[in-house]
Amino acid sequence: MKIQWGGVYLSVPLLLTLASLGCGSSNVTPQPVSAVVATAHPLVAQYGLSHFDSGLSAWVEFGPDTNYGRQTSVMTSSSGAALGIQKLNILVAGMKPKTTYHMRAHATWAGGSWVDQDHTFTTGAVPSSIQLPTLAVTQPTSGVSPAPGVELLSLTAVGAQGVVSDLQGNVIWYCPTNAEPLKPLPNGHFIVVNVTDLQEVDLSCNVLRDVSYTQVNQSLQANGYSFTIPAPLGFAGGNPFHHDALVLPNGHWIALSQITKSFPDLPGYPGTTQVIGDAVIDIDPNGNVTWAWSSFDHLDVHRYPYFGLPDWTHSNALVYTADGNLLVSMRNQSWILKLDYADGTGTGNVLWKLGQDGDFTMSNGNSSDWFYAQHYPNVLSVNGSQTVLAVYDDGNARVASDGSSCPAAPPAPTCYSRATIFQIDESTNLATLQWQYLPGFFSFWGGSIDTLSNNDIEFDSSAPSNFTGSTILEVTQTDSPQVVWQMNISGSGAYRGYRIPSLYPGVTWQQ
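Residues numbered from 1 in each chain as written. Predicted model: local features only at pLDDT ≥ 70, side-chain atom pairs only at ≥ 80, totals over all residues. Heavy atoms only, no water.

Chemist: Describe the overall build of the protein chain, and please don't skip the residues or the numbers.
Modeler: In terms of regular secondary structure, the protein chain is built from two helices and 39 strands. Against the 2.2 N^0.38 benchmark of 24 Å for 511 residues, the protein chain shows a C-alpha radius of gyration of 25 Å, consistent with a compact globule. Along the first, second and third principal axes, the C-alpha set of the protein chain runs to 80 × 60 × 50 Å. Classification of the 511 residues of the protein chain by burial places 56% in the buried group. Pairs at least 24 apart in sequence give 56% of the contacts found in the protein chain among residues at least 6 apart. For the protein chain, the exposed area adds up to about 19900 Å²; of that, 49% sits on carbon and sulfur atoms. Taking the average location of the 17 positive side-chain charges in the protein chain and that of its 37 negative ones, the two points are 6 Å from each other. (Helix = DSSP H or I, 4+ residues; strand = E, 2+ residues; numbered from the N terminus. Rg over C-alpha atoms; globule rule 2.2 N^0.38 Å. Buried < 20%, exposed > 50% of the residue type's maximum accessible area, 1.4 Å probe, protein only. Contact = heavy atoms within 4.5 Å. Areas by Shrake-Rupley, 256 points an atom, 1.4 Å probe, with all protein chains shown as cover. Lys, Arg positive; Asp, Glu negative; His and termini not counted. Charge placed at Lys NZ, Arg CZ, Asp CG, Glu CD.)

In structure tokens form, the structure reads like this:
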């Protein structure tokens, strides 16, 4: 009898012999059996463990030498069918191409613990068919270190649209998929928005869960919703899934979809116009729609102040709030909406609109402080009725205090982009611009922003006017911000780029 383990078939007598002999160090026998094998992904290894005791948990440390320096999350095995063998396969990722790495596992179980002997693994070359960007990193401020972690990039180039690099600009992981965007999940996997499908992938980019737009449409129709989502036609006619998706604590996925509706004789648009709006769709783990929202049911289609039609709303981000509701960023309205979601039981009513001509007033009376054509609202903290919110302010169609605006074909004094932090108070409907940084350029699309572990602000400018690619800056959150770290991306635009602690939940990698 043979058992498949780690991609290799081993006989039961051999497993028993290996287990009794063991390797590494342990305070109990038998010890686990281990093997490191390649996966289909050239930068990802599979570290396999097999043991006869229950409750096997393990993590792997790895690095360019036996000092290691990086580690995976702790993982726990599930029981094997044969002889009660516990099998555990850990994907090891975060390595540069064509490089030899050392790695070893640390394991525990009900009866003891064990450290494996050192294994080596040499990563492969990135296939020539995979287009990777050129990343150039500088640290302009001497004596100041960037926050730890790695950079997660959601790119626009065909080939590898999901890329992770270290802070020196070395690509250490990629996923060859259409990903606008690709986001980490609490279980160590990623959710990918790739226009026709929402997918969960592991570190080898194997698809573990897939929800197609046809499946969602079947559920929308079966549940009596007033709309379906379109086949992929691009921004001229709508995309089934686009720009963002959320994973909720209950396992549901919240997706953005572009939907269309025809209107006659809108101001400035004689005849019939097929207007592109947005839907927000809640999908349970079985692929069923449990809640859905249409912009056509809740907003005035006659408001298209900046970009005109047919692309009416152009939403680009979703945020799940602490009170169980949803924020939706609508670029073409220059609004962030709060929807009554109530964890799937809400009416869908718009609770408030944040932005120019919305429901909040600037506390200083200066309406020109508002964001325009924004991306990536990011909740930093909540204290009662007060929320601190970071927003990447692209600045398209910005209206200045003197009434002038950013034209469709800049440059102009009003055409500039900013990293911003606002405080909003839902009890008074007052908004305050707490902090801003003007990098000195205009980025007409994309972007993301976050606060890092060292309190610095990091933001991605997808198309800065002073550079042909994208630029990510880490700056101090001070009155006179200093640039701590900068990445220039060539060969692709970065729809989003931001720091994550590592490729593994609960683990932070240092430089």
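Chemist: Lay out the state of the cysteines in plain terms, naming residues and giving numbers.
Modeler: Taken as a whole and judged by the stated rule, the model has two disulfides. Residue pairing for Cys-175: its cysteine sulfur links by disulfide to Cys-205, the two sulfurs lying 2.4 Å apart. Taken as a pair, Cys-175 in strand β17 (residues 171-175) and Cys-205 in the loop between β20 (197-201) and β21 (207-212) lie far apart in primary sequence, 30 residues in all. Take Cys-175: its relative accessible area is 1%, and that puts it in the buried class. Relative accessible area serves as the criterion here: at 16%, Cys-205 is assigned to the buried category. Two residues share a disulfide in this structure: Cys-406 and Cys-415, whose sulfurs sit 2.0 Å from each other. Handedness here is read from the sign of the S-S torsion; for Cys-406 and Cys-415, about 105°, the answer is right-handed. On the accessibility criterion, Cys-406 (6% relative accessible area) is buried. When its relative accessible area of 10% is taken as the criterion, Cys-415 is described as buried. (Disulfide = S-S within 2.5 Å.)

Chemist: Outline unusual backbone geometry, listing residues and values.
Modeler: Generally, phi is negative for residues other than glycine and the peptide bonds are trans, each holding for most cases. Cis geometry marks the peptide bond from Leu-309 to Pro-310, where omega comes out at 15°. Examined against the element boundaries, Pro-310 turns out to sit in the loop between β25 (289-294) and β26 (315-320). Unusually for a residue other than glycine, Ser-334 sits at a positive phi of about 50°. As for its position among the elements, Ser-334 is in the loop between β27 (326-330) and β28 (335-339). Classification of Ser-334 as buried rests on a relative accessible area of 0%.

Chemist: With reference to specific residues and values, describe the nonpolar core.
Modeler: Of all hydrophobic cores here, the largest spans 56 residues; its most connected members are Tyr-47, Val-92, Met-103, Trp-173, Phe-459 and Leu-503. Among the nonpolar cores identified, the runner-up in size contains 44 residues, and Tyr-213, Ala-255, Trp-293 and Leu-299 belong to it. (Core = buried A, V, L, I, M, F, W, Y, C linked by side-chain atoms within 4.5 Å.)

Chemist: Give a description of the sheet that holds β28 that names residues and reports values.
Modeler: Strand order in the open sheet formed by four strands is β26-β27-β28-β29, and the pairing between neighbours is antiparallel. Across the chains shown, the open sheet's two edge strands, defined by having one partner strand only, are β26 and β29 (350-354). Between one strand axis and the next, the sheet turns by 20° as a mean value, whatever way the strands run. Pairing analysis gives four bridges linking β28 to β29, with the strands arranged antiparallel. In the sheet register, Leu-337 faces β29, and the bridge partner there is Lys-353. (Pairing = 2+ DSSP bridges. Axes fitted to C-alpha atoms, helices over the stretch in contact; angles between N-to-C directions.)

Chemist: Tell me about helix α2 (residues 213-222), and please be specific about residues and values.
Modeler: Within the span of α2, buried status applies to Tyr-213, Val-216, Asn-217, Ser-219 and Leu-220. The arc enclosing the buried residues of α2, seen along the axis, measures out at 165°, which places them on a common side. For α2, the exposed residues set more than 90 degrees away from the buried face come down to Gln-218, Gln-221 and Ala-222. (Arc of directions from axis to C-beta.)

Chemist: With reference to specific residues and values, describe the packing of aromatic side chains.
Modeler: Summed over the entire model, instances satisfying the criterion amount to 15 aromatic pairs. With a centroid separation of 6.3 Å and 20° between ring planes, the pair formed by Trp-370 and Phe-422 is classed as stacked. Residue Trp-370 is located in the loop between β30 (361-362) and β31 (375-383), and its partner Phe-422 is located in strand β33 (residues 418-425); the two are separated by 52 residues in the primary sequence. Residue Trp-370 shares its accessibility class with Phe-422, and that shared class is buried. Through successive ring pairs, a cluster of aromatic residues spans Phe-62, Tyr-504 and Trp-509. Over the ring of Trp-485 we find Arg-499; its NZ or CZ atom is 4.8 Å from the centre of that ring. (Phe/Tyr/Trp six-rings, centres within 6.5 Å; stacked < 30°, edge-to-face > 60°. Lys NZ or Arg CZ within 6 Å of the ring centre and 35° of its normal.)

Chemist: Tell me what's going on with the pattern of salt bridges, and back it up with residues and numbers.
Modeler: In total, this model carries 13 salt bridges according to the counting rule given. A salt bridge links Glu-151 to Arg-499, with the nearest nitrogen and oxygen atoms 2.3 Å apart. Residue Glu-151 is located in strand β15 (residues 150-155), and its partner Arg-499 is located in strand β39 (residues 494-500); the two are separated by 348 residues in the primary sequence. The salt bridge involving Arg-496 is made with Asp-244; its shortest N-O contact spans 3.2 Å. Note that Arg-496 is positioned in strand β39 and Asp-244 in the loop between α2 and β22 (245-247), a separation of 252 residues in sequence. Taken individually, Arg-496 and Asp-244 each receive the classification buried, so the pair is uniform in this respect. (Salt bridge = Lys/Arg side-chain N within 4 Å of Asp/Glu carboxyl O.)

Chemist: Kindly report on the layout of surface pockets, identifying the contributing residues and their values.
Modeler: Computed from the structure, the largest pocket encloses a volume of approximately 950 Å³. What lines the largest pocket is a set of 40 residues, and nearest its centre among them are Lys-183, Pro-184, Tyr-376, Tyr-498 and Ile-500. Put simply, the parts of the chain that give the lining of the largest pocket at least two residues each are β18 (182-184), β19 (190-193), β22, β26, β31, β35 (448-451) and β39. Among the residues forming the lining of the largest pocket, the class breakdown is 26 nonpolar, nine polar and five charged. (1 Å grid on protein atoms, 1.4 Å probe; cavity = no way out; pocket = protein on both sides within 12 Å on 5 of 7 lines; lining within 4 Å. Points joined across faces, edges and corners; volume = space filled by probe spheres on them. Nonpolar A, V, L, I, M, F, W, Y, C, P; charged D, E, K, R; others polar.)

Chemist: Can you explain the pairing of β35? Please cite residues and give values.
Modeler: Relative to strand β36 (residues 457-461), β35 runs antiparallel, the two being bridged by four bridges. Following the sheet pairing, Ile-449 is matched in β36 by Phe-459. Hairpin connection, β35 to β36: the antiparallel pair is bridged by five residues, and Asn-455 has positive phi, about 75°.

Chemist: Any chance you could break down the sheet that holds β22 for me, citing the residues and the numbers?
Modeler: The strand order β22-β23-β24-β25 describes an open sheet built from four strands, whose pairing is antiparallel. If you trace the sheet from one side to the other, it starts and ends with β22 and β25, each paired once. The mean inter-strand angle of the sheet, taken between neighbouring strand axes irrespective of direction, is 30°. Direction of pairing for strand β23 (residues 253-266) relative to strand β24 (residues 269-283): antiparallel, over a ladder of 13 bridges. Residue pairing in the sheet places Leu-266 in a bridge with Tyr-269 of β24. Sheet strands touched by α2: β24 and β25. Its angle to β25, the strand with the most contacts, is close to 85°.

Purely geometric stuff here, so don't read any function into it on its own.
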